[in-house]
Amino acid sequence: MKTAQSTPATLSHVERTALVLLGMGEDAAAQVLRHFSRDETQRVTKAWQSSVA
């Protein structure tokens, strides 16, 4: 369990990207993720999972 929450000023670029993609909706996010490398997709997905956990 996390004891401290990240604030917008302390979010990494990857975490910010994950949050933007979450806000876009599934179809739009899928369109964007098609342009990411495999490594970028994995990093964003990991941050995405952390933000909803």
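Not measured: the values here are computed from a predicted model.

Enquirer: Just give me the short version of the overall build of the protein, but keep the residues and values in it.
Expert: When helices and strands are tallied, the protein shows three helices and zero strands. Ordered by position from N to C terminus, the α and β elements of the protein give α-α-α. Counting only residues that meet the buried cut, the protein has 13% of its 53 residues in that class. Total accessible area computed for the protein in this model is approximately 4,400 Å², and 55% of it derives from carbon and sulfur atoms.

Enquirer: How would you explain the environment of Ser-12 if you had to name every residue and give the values?
Expert: As for its position among the elements, Ser-12 is in the segment before helix H1 (13-24). Judged by relative accessible area, which is 33%, Ser-12 ranks as partly exposed. It is 9.4 Å that separates the C-alpha atoms of Ser-12 and Ala-47, two residues lying 35 residues apart in sequence.

Enquirer: Outline the packing of H1 against helix H3 (residues 38-52), listing residues and values.
Expert: When two helices pack together, their arrangement is captured by the angle between the axes and the distance separating the axes. Packing of H1 against H3 leaves a shortest axis separation of 8 Å and a crossing angle of 75°. Relative to H3, the element H1 is oriented roughly perpendicular. Where H1 approaches H3, its residues Val-14, Glu-15, Thr-17, Ala-18, Leu-19, Leu-21 and Leu-22 are matched on the opposing element by Arg-43, Val-44, Ala-47, Trp-48, Ser-51 and Val-52. Of the residues contributing to the contact of H1 with H3, the split by class is nine nonpolar, two polar and two charged.

Basis of the calculations
- Throughout, a residue's number is its position along its own chain's written sequence, starting from 1.
- Whole-chain, interface and lining totals are the exception, using all residues; otherwise, since this is a predicted model, local features are given only for residues with pLDDT of at least 70 and side-chain atom pairs are given and counted only at 80 or more.
- Water and hydrogen atoms were dropped before computing side-chain values, which therefore reflect all heavy atoms in the structure.
- Numbering of helices and strands runs from the N terminus, with a helix taken as a DSSP run of H or I at least four residues long and a strand as a DSSP run of E at least two residues long.
- We call a residue buried when its accessible area falls under 20% of the maximum for its residue type, exposed when it is over 50%, and partly exposed in between, using a 1.4 Å probe and counting protein chains only.
- Method for areas: the Shrake-Rupley scheme with a 1.4 Å probe, in which residue coverage is limited to the protein chains shown.
- Orientation is described by lines fitted to C-alpha atoms, with helices fitted over the stretch in contact, and by angles between N-to-C directions that extend from 0 to 180 degrees.
- Any angle from 65 to 115 degrees is called roughly perpendicular, while one under 35 is roughly parallel, one over 145 is roughly antiparallel, and all others are oblique.
- The criterion used for residue contact is that any of the two residues' heavy atoms lie within 4.5 Å.
- Think of it as three bins: nonpolar holds Ala, Val, Leu, Ile, Met, Phe, Trp, Tyr, Cys and Pro, charged holds Asp, Glu, Lys and Arg, and polar takes everything else, Gly as well.

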